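Coordinate inspection notes
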Amino acid sequence: MTDFSFELLGADGGARRGRVTCAHGVIQTPAFMPVGTAATVKAMLPENVAATGAEIILGNTYHLMLRPGAERIARLGGLHAFMNWPGPILTDSGGYQVMSLSELRKLDENGVTFRSHIDGSYHTLTPERSMEIQHQLGSDITMCFDECPPYPSEKADVARATQLSMRWAARSRAAFVNRPGYGLFGINQGGVHEDLREQSAQALKEIGFDGYAIGGLAVGEGRALMFSTLDFTTLMLPTDKPRYLMGVGKPEDLVGAVARGVDMFDCVLPTRSGRTAQAFTRRGPVNLKNARHGDDPRPLDDHCSCPTCRNYSRAYLNHVVKAGEIIAAMLLTWHNLQYYQDLMADIRRAIESGTFAAFEADFQSQYGQGDI
Ligand code: GUN
Ligand code: ZN
């Protein structure tokens, strides 16, 4: 088995073109990871997710430990076999989801105790338990256990969470079982504060990780503050390791973050939007509930190669959305994932040909212009 590795293949301004190699395959970067929280990318068969061009998906420690349980998935051969996704999987570590989803949380130096949002049962996550669960799942990329402070927070509270996350990063590193092809990513915290991001980055680099995530963004600070925070944060991270911006984002966020040196992304937006009738197109988001689509024989996006755009009219999509048919979620999710993967492929090509600045300007001039 080859080692976990990252090769920087090229750069264009701040934008980077790279390749991550891990146990279950190779990921071309910049990459977008569809979210498969509960061992499914909702409304999609895994082979259809792969058909959109996705090379890696994300799973969640929090959801899978509660249901069906990490020990059960391990007995059934691990997450790849369980969900029939043979490619790379990255798992988030659970702390972020505890904070956003569970009730009656108690956080201390050791970890977080919480009640399940599913059945109210009590559970504890620590750095050590999170590493054990991600090992049982068989994740190609394991994420450190961290604390993401809410936004806005007092700087003193962000500092406390950042320092706790650094101690948890050291415990995560110590508990992670090193084996060829499997990597562990640290998570930079510090909110929008340059000095805290710097402390966090220094601590993570001293511990040493296979990749470096940027956490604690896209939590309500807005695009301008997220971009200005990225401007200084990516400069603090090693150039020879992948950089992953967690939970981001809209198409315009991905383009702007790539310009600032980010290599990997995940977000529920394309899949969740697909279940709420929102579709992404080159001119911006379109709502298929809108009655103006009711008689429209055109495809959603005539530039798109996905089965939705090849085989169905806007009128049909409007009908199945209004009728609450399951196929509405399937067709719109497929299209949205295709849109995101096509965007990443366009970004990678632009970096390769040294035309990323022109690509970004062109994207901005078209996106958000309104549907035709
Ligand atoms: N997903 C989005 N933001 C974060 C974060 O700060 N930490 C973790 N673990 N997951 C995230
Ligand atoms: Zn399409």
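Treat the numbers as computed from the prediction; the structure is a model and nothing was measured.

Turning to the confidence of the model for the protein chain, a few remarks are in order. Predicted confidence across the protein chain gives a mean pLDDT of 97, with 100% of residues reaching 70 or more. Considering each helix and strand of the protein chain separately, the mean pLDDT is smallest for strand β7 (residues 103–107), with a value of 87, and largest for strand β4 (residues 31–33), with 99. Per the prediction output, this complex has pTM 0.99; the corresponding ipTM is 0.99.

Near ligand 1 you find Asp-92, Ser-93, Tyr-96, Asp-146, Cys-148, Ile-187, Gln-189, Gly-215, Gly-216 and Met-246, and these make up its full shell. In the environment of ligand 1, an oxygen atom lies 2.9 Å from a nitrogen or oxygen atom belonging to the side chain of Gln-189. The backbone of Gly-216 places a nitrogen or oxygen atom 2.8 Å from an oxygen atom of ligand 1. When isolated, ligand 1 has an accessible area of 280 Å², and the protein chains bury 96% of it.

Let us now look at the sheet that holds strand β11 (residues 183–188). With respect to topology, eight strands assemble into an open sheet ordered β4-β14-β13-β12-β11-β10-β6-β5, the strand pairing being parallel. Edge strands, defined here as strands with exactly one partner in the open sheet, are β4 and β5 (57–60). Neighbour to neighbour, the strand axes of the sheet diverge by 25 degrees on average, direction disregarded. Pairing between β5 and strand β6 (residues 89–92): four bridges, direction parallel. Looking at β6, one finds that Ile-57 is bridged to Ile-89. Sheet strands in contact with helix α8 (residues 194–207) are β11 and β12 (211–214), and its direction is about 160 degrees off that of β11. Packed onto the sheet, helix α9 (residues 223–236) meets β11, β12 and β13 (243–245) and runs at close to 165 degrees relative to β12.

Conventions we followed
- Numbering of residues starts from 1 in each chain and follows the order in which that chain's sequence is written.
- In the order they appear in the text, chains get letters beginning with A and ligands get numbers beginning with 1.
- Per-residue local features of the predicted model are confined to residues with pLDDT of at least 70, and side-chain atom pairs are confined, for both listing and counting, to 80 or more; whole-chain, interface and lining totals are unaffected and use all residues.
- The side-chain values count all of the structure's non-hydrogen atoms but skip hydrogen atoms and water molecules.
- A score between 0 and 100, pLDDT records how confident the predictor is in each residue.
- Each helix corresponds to a stretch of at least 4 residues labelled H or I by DSSP, and each strand to a stretch of at least 2 residues labelled E; elements are numbered beginning at the N terminus.
- Near, as used in this document, describes a residue that has one of its heavy atoms within 4 Å of the molecule or strand being considered.
- Side-chain atoms alone can form a polar contact between residues adjacent in sequence; in general such a contact is a pair of N or O atoms within 3.5 Å, and within protein one must be able to donate a hydrogen while the other accepts it.
- Residue burial considers only the protein chains on display, and all accessible areas are found by Shrake-Rupley using a 1.4 Å probe.
- Note: two strands are recorded as paired if DSSP finds a minimum of 2 bridges between them.
- Interaxial angles span 0 to 180 degrees and are taken between N-to-C directions of axes, which are lines fitted to C-alpha atoms, for helices over the stretch in contact.
- Whether two residues are in contact is decided by their heavy atoms: any pair within 4.5 Å suffices.

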